[in-house]
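Spelled out from the first residue to the last, the chains are:
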Amino acid sequence: MVTAALAASFAVVVLLAVVLWLSFTDGAPGDPALAYTLAHYADVFLDAFTYRVLGNTVLFAVIALAVALACALPMAWLMERTDFPGKPVVFTLMTVALLIPGFAVALGWVFLVHAKIGLLNRALMAVLGLGAAPFNVATVPGMGMVEGLSLAPLAFIMVAVVLRAMDPALEEAAAIAGARPVAVMWRVTLRVLWPGLLAAAIYVLTIGFAAFDVPAILGLSARIFTFSTYVFSALTPTAGAPEYGEVATLSVIMAAIAALLSVCYRTAQRQAPKYAVVTGKAYRPRIARLGRWRPPAVALVTLYFVVAQLMPLAMLAWAALLPYLQTPSAAALALVTLRNFTGLPRALVLRAIGNTALLMLLVPSITLVLSAAVSWVVLRTRLRGRAVVDFLAFLPLAIPGIVFSVAALLLALFVLRPVAPIYGTIWLLVLVYVVARLSYGTRMMNGALIQIHRELEESASICGASTAGVLRRVLVPLMAPAMVYAWIWIALLTYRELTLPVLLSNGSNLPFSFLVWGFVQASSYGQASAASLLMLGLMAPALFLYWIAARGAGMIAPR
Amino acid sequence: MITIRNLAMTYRTAHGEHQAVRGVSLEVKQGEFYTLLGPSGCGKTTILRCVAGLEHPDAGEILIGGEVVFSAERGIWVPPHNRNIGMVFQSYAIWPHMTVFENVAFPLRHKRPRLARAEIRERVAKALQLVHLDGLEDRPAPYLSGGQQQRLALARALVGEPRVLLLDEPLSNLDAKLREEMRFEIRQVVDRLGVTTLFVTHEQIEALTMSDVMAVMKDGVIIQEGAPAEIYTRPAAEFVADFIGRTNFLRGTVASVGGDGDMPVASIETPIGVLACRVDAATRAGDAVTVAVRPENVAIALDEGGGGGENSFAGTVESVVYVGNMLDCLVAVAGERIRLQLHPSASLARGTNVRLDLPVEHCLAMQR
């Protein structure tokens, strides 16, 4: 157990250390002429373009946050505090939306509102007689809105949890004190929930800041960069060799900003319990009656799903079925063909499916074993330095995916090449996926382990069970539902992951998501759509499994 | 001041329906302290929440101070913010983002027409003084102890001079010592202001010590209503006798009814022998009844042979437990066990032969 926990911590440290080290060195690593320097930082900080990218990223993340909250707040309130019909359906759809690959939705948006090819643009231009496209998605606000719509499910689930943790008597007391419903909402509900909502908002902002899928698919071709895509493009220059030192420096800066955001997140989160009034009683939420507002509420929620999820995915399907993109019409319908599917390079698709399947088996298994070890060491032992282990396992949460991708690339190229040449193999992907999911895994395992009273283990060992026996006969069976749930969740995240493999994949170790990425980069949008659709289709049974496990673990809990 | 007529309410949950209140009627007079007492799930809190306007009942009528605030028939439901009431919640529901002052000032700030700042300050100060929290105005509410939060909740409920005060198990989150103090203090504050109070609790001691009138509830209906002494000494049903205080129960059959019409006395055949008991006027020979005798009313003496008089029975001491302020004794009489209380200084050994006297005026027979 202890060895596994240490190995996990070691992997995190090594990955981050390599980036940090390279950001301070000049010349090719391994070169005897290698020197330590601050030149990369000077270059980066003196380049005006850096600030433009930074400005873009901040604007992008803030717009994404605003859009996500604008969708999530009303919906979470409707689900948690009103007699909205069919809540389990909404919760299930939200969870599914959380797992639909971001690049697939982004691709759908390209077809809808791209300045040149976007069907919505063309339709509006035709109907209103406009000379230019009304929308351009390849702008920072455009990308921010698309990102916001796809972050809404995450924001929704976080806000719903916050709403659930409030004692409804606080609102009832305000009503009895004579406050009208609006005053109750404004003067009590929002104020009490503020720290929790703030923490959720910062978390979503952090994710938006690190986002890769949407800015990559919408902005890269127009050379509109956010930090993630800027790092990516610096590593894949159109001419010459990449400046590894500068890329490492950018990564360090990006990681530092993200780490700062997560410090804010932790601070806000710690404020929240101060407001928790201990009653030792399960809260029965105060359910507002929608009455005649029920149809508009249902319409609003439906509108979100149609606009944010269904419309882009439907566009994806439409684009996949046509030889070239055109407005839906009878003439277009006649052109429908499966050529984009049959034309996919079969051997490559099969290899990608095989690689993805292998990753989906290995990554969750290894992550959970390591996470369980970390949780056990942190929560159940008195080992010195266990706080450090805990911190290191939390760290990946703060680090953007593209930074991990860079770190793994640099590690494989400059450190591991002589001893273990894993660049271009699936093992490099396994390593970086596992490290990136470590925080999620340990948080899940912490949650499960905290719920198991220590005396259950102690009584087992007094009854004569060895440590291994306690583990096997008591801990593992009790943690099984949470572990199964976390396993499937990590498997699904692995399936949809594009950021981590984007710098590490080639023709042999590519996962499915990278295959789609390849088509996008080659501007074969028809094939990209077909491959995305195929990917979504293959995901369906896994989603069903997830749904069963989530219900078993009590994770889909609407009332 | 509060009138409830035929109130009924059913909760609909995922697990089916639960009839929380099934046709309850009651009347709380101006200035009265009225308690709803019953085990958890008996519907007492639901009634209170219906009066507050926090629930939508299915049927019946509720009037506060003559004003109809709910009527199923006439389709009236006044929202809580227009009912002018005060309420103390079980969790206190102190707003954690406000100071003590802000918490108490809240109800005043929502009064129409608006109150002047100076008046708000003055009335908050008075309310805090009433519950001995003066001087803590600027403290953030989460930094109060449990007892202080309780007082704050009371001050907040009373500051707006509500027509009625509703108390939802306000003492259940306090430790035993503090609970006793607050029982006394709440009653004192209520008396001083003369506010009509509806109190909900599952603790019989709170109901007995605090109420003018109490109602014992079970399964959504009121079983018995009356003054505490009346409920304790003359429980109308086995459930009431059992729920309030400790009671010995003997099952039996009425052999004959005698005595004067006002206070009939019956001879009842029980497993320990024939017992003379008080009965109600409706009791007839042949009725199946349960006889209730409180432990503190059973007299005990050493058995020196010879027969006893009326309601005197021979038995053997089965156990004696020391509980501080008394000895809790169990005496076996003809296969039944009778519990009684003794002064802690008495010395009584297990196995001693004793004689029990069950005074007629303390033996109450209830229809089964």
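Small disclaimer: the values here were computed from a predicted structure and weren't measured.

1. A word on the overall build of chain B
Across its full length, chain B holds 8 helices and 21 strands. Reported as C-alpha extents along the three principal axes, the dimensions of chain B are approximately 80 × 50 × 45 Å. Looking at the 368 residues of chain B, the share that counts as buried comes to 40%. For chain B, the proportion of contacts with a sequence separation of at least 24, taken over those separated by at least 6, is 64%.

2. What about the interface of chain A and chain B?
With 21 residues of chain A at the interface, the matching set in chain B holds 21 residues. Looking at the side of chain A that touches chain B, the elements that each hand over two or more residues are helix H8 (169-176) and helix H9 (181-210) of chain A. Of all the elements, H8(A) adds the most residues to the side of chain A that touches chain B, at 7 residues. Among the residues making up the side of chain A that touches chain B, the classes are represented as 13 nonpolar, 2 polar and 6 charged.

3. Overview of the domain arrangement of chain B
Residue and element names in this part refer to chain B. Segmentation of chain B into domains returns domain 1 (2-239) and domain 2 (246-367). Distance between the C-alpha centres of domain 1 and domain 2: 40 Å. Taken together, the residues of the side of domain 1 that touches domain 2 sort by class into 3 nonpolar, no polar and 2 charged.

4. Looking at the sheet that holds strand S9 (residues 196-201) of chain B
Residues and elements named next belong to chain B. The sheet built from 6 strands is open, its strands ordered S7-S8-S9-S3-S10-S11 with mixed pairing. One side of each edge strand has no neighbouring strand; the edge strands of this open sheet are strand S7 (85-88) and strand S11 (221-226). Neighbouring strand axes in the sheet, compared pairwise and without regard to direction, differ in orientation by 20° on average. Here strand S3 (residues 33-37) pairs with S9 via 5 bridges, running parallel. From the neighbouring strand, Leu36 faces S9, where its bridge partner is Val200. Strands in contact with helix H4 (residues 146-158) are S7 and strand S8 (164-168); relative to S7, the strand with the most contacts, it is inclined by about 170°.

5. Description of the sheet that holds strand S4 (residues 59-64) of chain B
All names here are of chain B. Reading across the sheet, the 5 strands line up as S2-S1-S4-S5-S6 and stay open at both edges, with antiparallel pairing between neighbours. Since the sheet does not close on itself, it has two edges, and those belong to strand S2 (16-28) and strand S6 (76-77), each with one partner. Along the sheet face, helix H1 (residues 44-52) touches strand S1 (2-13), S2, S4 and strand S5 (67-71) and points at about 110° away from the line of S1.

6. Digging into unusual backbone geometry
Residue and element names in this part refer to chain B. For Tyr92, which is not a glycine, the phi torsion comes out positive at approximately 70°. Looking at where Tyr92 falls in the secondary structure, it is placed in the loop between S7 and helix H2 (100-109). The backbone of Asn311 shows a phi angle near 55°, a positive value even though the residue is not glycine. The class of Asn311 is buried, set by 20 C-beta atoms lying within 10 Å.

7. Considering the environment of Tyr36(A)
Residue and element names in this part refer to chain A. Position of Tyr36 among the secondary structure elements: in strand S2 (residues 35-36). On the neighbour-count criterion, Tyr36 (9 C-beta atoms within 10 Å) is exposed. Between the C-alpha atom of Tyr36 and that of Leu22, which follows or precedes it by 14 residues, the distance is 9.0 Å. With residues near it in sequence (within four places) discarded, Tyr36 still touches Phe24 and Thr25.

8. Focus on the environment of Val140(A)
Residue and element names in this part refer to chain A. Turning to its location among the elements, Val140 is positioned in helix H7 (residues 140-164). In this structure Val140 comes out as buried when scored by C-beta crowding, with 20 C-beta atoms within 10 Å. For the pair Val140 and Ala64, spaced 76 residues apart in the sequence, the C-alpha separation amounts to 10.0 Å. Excluding residues that lie within four positions of it along the chain, Val140 makes contacts with Asn56, Leu59, Phe60 and Ile224.

9. Some points on the confidence of the model for chain B
Predicted coordinates in regions of low pLDDT should not be interpreted in detail. Residues and elements named next belong to chain B. Taken residue by residue, chain B gives an average pLDDT of 90. The fraction at 70 or more is 98%. Taken element by element, the predicted model of chain B shows its lowest mean pLDDT in strand S21 (residues 364-367) (87) and its highest in S3 (96). This prediction of the complex comes with two scores: 0.80 for pTM and 0.79 for ipTM.

10. Details of helix H11 (residues 227-235) of chain A
Residue and element names in this part refer to chain A. With respect to burial, H11 is a largely interior element, 7 of its 9 residues being buried. Where H11 is concerned, the buried positions are Phe227, Ser228, Thr229, Tyr230, Val231, Phe232 and Leu235. Turning to H11, the residues buried within the fold contact helix H3 (48-81), H9, helix H10 (213-219), helix H12 (244-271) and helix H18 (401-416).

11. A short note on the nonpolar core
In terms of nonpolar packing, the biggest core is built from 284 residues, with Ala68(A), Ala155(A), Val406(A), Ala407(A), Ala408(A), Val432(A) and Val291(B) touching the most fellow members. Once residues lying within four places of it in the same chain are set aside, the contact partners of Val291(B) are Leu250(B), Gly252(B), Ile268(B), Thr270(B), Leu275(B), Cys277(B), Cys363(B), Leu364(B) and Ala365(B).

12. Looking at the packing of helix H4 (residues 87-99) of chain A against H7(A)
Residue and element names in this part refer to chain A. It is at 8 Å that the axes of H4 and H7 come closest, and there the two elements cross at 130°. With respect to each other, H4 and H7 are oriented oblique. Crossing angle aside, the handedness with which H4 passes H7 is left-handed. When H4 is examined against H7, the residues Met94, Ala97 and Leu98 are found in contact with a partner set consisting of Pro153, Leu154, Phe156 and Ile157. Taken together, the residues of the contact of H4 with H7 break down into 7 nonpolar, no polar and no charged.

13. Some points on the domain arrangement of chain A
Residue and element names in this part refer to chain A. Annotation of chain A at the domain level lists domain 1 (1-37 + 344-559) and domain 2 (41-337). A C-alpha centroid distance of 24 Å is found between domain 1 and domain 2. Across the contact, 40 residues belong to domain 1 and 38 residues belong to domain 2. When contributions to the side of domain 1 that touches domain 2 are tallied by element, the ones reaching two or more residues are helix H1 (2-23), strand S1 (25-26), helix H17 (386-398), H18, helix H21 (467-496), helix H22 (512-521) and helix H23 (525-552). The leading source of residues in the side of domain 1 that touches domain 2 is H23, at 12 residues. Residues of the side of domain 1 that touches domain 2, tallied by class, amount to 29 nonpolar, 8 polar and 3 charged.

What counts and what doesn't
- Residues numbered from 1 in each chain as written.
- Chains lettered and ligands numbered in written order.
- Predicted model: local features only at pLDDT ≥ 70, side-chain atom pairs only at ≥ 80, totals over all residues.
- Helix = DSSP H or I, 4+ residues; strand = E, 2+ residues; numbered from the N terminus.
- Buried ≥ 20, exposed ≤ 12 C-beta atoms within 10 Å, placed from the backbone.
- Contact = placed C-beta atoms within 7 Å.
- Nonpolar A, V, L, I, M, F, W, Y, C, P; charged D, E, K, R; others polar.
- Domains from an automatic or database assignment.
- Pairing = 2+ DSSP bridges.
- Axes fitted to C-alpha atoms, helices over the stretch in contact; angles between N-to-C directions.
- pLDDT = per-residue confidence, 0-100.
- Core = buried A, V, L, I, M, F, W, Y, C linked by C-beta atoms within 7 Å.
- Parallel < 35°, antiparallel > 145°, perpendicular 65-115°, else oblique.
- Left-handed = near helix turned anticlockwise from the far one by under 90°.

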